[in-house]
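Structure at a glance
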Amino acid sequence: MKIALISDIHGNLEALDAVVTQARHQGVDAFACLGDIVGYGADPAACLVTVRGLDPVAVVQGNHDAYASDDRDLSSFNPHARGAALWTREQLSAADRAWLADLPMTAEPAPGVLLVHATPDDPSSWYYVRFRAEAAEALEQQRAPWCFYGHTHVPTAFALSGDTVTEHDGGRHDLADADRWLINVGSVGQPRDLDPRAAWTLLDLAVGTATLMRADYDIAAAQRKILDAGLPERLAERLAEGR
Ligand code: ZN
């Protein structure tokens, strides 16, 4: 069983289509989504259609999905972020927003495999796991041997063996090499690791590996749509920079 783990699509349909094509070439049996389907990009509704059309084995809620799903107050956001979030709400139907509101915070698509958007120990607080100390705290609470997450848009992996937590760059991880793994699957639609290509992770349950994958896509087309929609220019620029 091979599962394509996709996260942080952020309304980038060009990136999502490229990842789906690449995953199918890799012979994946299923897709699972780790949240933030919408927000930032110009195609939130179309990305929802595509994700649902994949008939994913699991979808968890991201913070941007939550912000788009209801009319909660966004006054604590900076003006650019608030404007983009309000624009995203306007693009979605009532049914889309209800679907986003109903997403669970965690999912277990296979025994021992936990999916979350932000952190396994307190997923609804939207904390960030960026550094080893943050990962160590999360791994201490984590019960599943394998936890996959998104949210930071930086593909990295943390392994707990005995009392020791080690950090590993994006690449291929042998899941048998540690007691527990906490692995960031990368971002499809807005990578922030200085590699602008769309990122996702191939989980091969039969072999016991998780492999970071990258897909080229039409960045210029996604940028043009962001500018045409009147969304902040920075949201277009950063796609080419991968940050
Ligand atoms: Zn995100």
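Summary of the structure given here.

Section: the pairing of strand β1 (residues 2-6)
Most of β1 sits out of view: four of its five residues are buried. Alignment of β1 against strand β11 (residues 198-204), held across four bridges, turns out to be antiparallel. Looking across to β11, one finds that lysine 2 is bridged to aspartate 204. In this view, the connection linking β1 to its parallel neighbour strand β2 (residues 30-33) by way of helix α1 (residues 13-25) has right-handed handedness.

Overview of the packing of helix α7 (residues 219-228) against helix α8 (residues 233-241)
Axis angle and axis distance: for two packed helices, these are the angle between their axes and the distance between the axes, and together they describe the pair. It is the contact of α7 with α8, at a shortest axis distance of 8 Å, that shows an interaxial angle of 175 degrees. As the angle between them shows, α7 and α8 are arranged roughly antiparallel. Contact with α7, carried on its side by Ile219, Ala222, Gln223, Ile226 and Leu227, involves Glu233, Leu235, Ala236, Glu237, Leu239 and Ala240 of α8 and no other residues of that element. Taken together, the residues of the contact of α7 with α8 sort by class into eight nonpolar, one polar and two charged.

Brief notes about the packing of aromatic side chains
One pass over the full model with this rule turns up one aromatic pair. Ring centres 4.8 Å apart and planes at 80 degrees place the aromatic pair tyrosine 67 and phenylalanine 77 in the edge-to-face group. Residue tyrosine 67 is located in helix α3 (residues 63-69), and its partner phenylalanine 77 is located in the loop between α3 and α4 (79-91); the two are separated by 10 residues in the primary sequence. Side by side, tyrosine 67 and phenylalanine 77 carry an identical accessibility label, which is buried. Over the ring of tryptophan 99 we find arginine 52, and its NZ or CZ is 4.7 Å from the ring centre.

Conventions adopted
Within each chain, residues carry numbers counting from 1 in the order of the written sequence. The predicted nature of this model means local features are confined to residues of pLDDT at least 70 and side-chain atom pairs, given and counted, to a pLDDT of 80 or more, with totals for whole chains, interfaces and linings taken over all residues. With hydrogens and water stripped out, all remaining heavy atoms of the structure feed into the side-chain values. For every residue, the accessible area (1.4 Å probe, protein chains only) is compared with the maximum for its type, and the residue is labelled buried under 20%, exposed over 50%, or partly exposed between those bounds. Only DSSP runs of H or I reaching four residues or more are called helices, and only runs of E reaching two or more are called strands; each is numbered from the N terminus. Think of it this way: DSSP has to see at least two bridges between two strands before they count as a pair. By convention a crossover is right-handed if, when the strands point away from the viewer, the path from the first strand over the helix to the second runs clockwise. Fitting a line to C-alpha atoms yields each axis, with helices limited to the stretch in contact; the angle taken between N-to-C directions then spans 0 to 180 degrees. Angles are sorted into four bins: roughly parallel if under 35 degrees, roughly antiparallel if over 145, roughly perpendicular if 65 to 115, and oblique for all others. Throughout, a residue-residue contact means that at least one pair of heavy atoms, one from each residue, lies within 4.5 Å. Residues are grouped as follows: nonpolar covers Ala, Val, Leu, Ile, Met, Phe, Trp, Tyr, Cys and Pro; charged covers Asp, Glu, Lys and Arg; every other residue, Gly included, is treated as polar. Between 30 and 60 degrees the pair is tilted, below 30 it is stacked and above 60 it is edge-to-face, where a pair is any two Phe, Tyr or Trp rings, Trp via its six-membered ring, whose centres lie within 6.5 Å. Criterion for a charge above a ring: Lys NZ or Arg CZ within 6 Å of the ring centre, and within 35 degrees of the ring normal.

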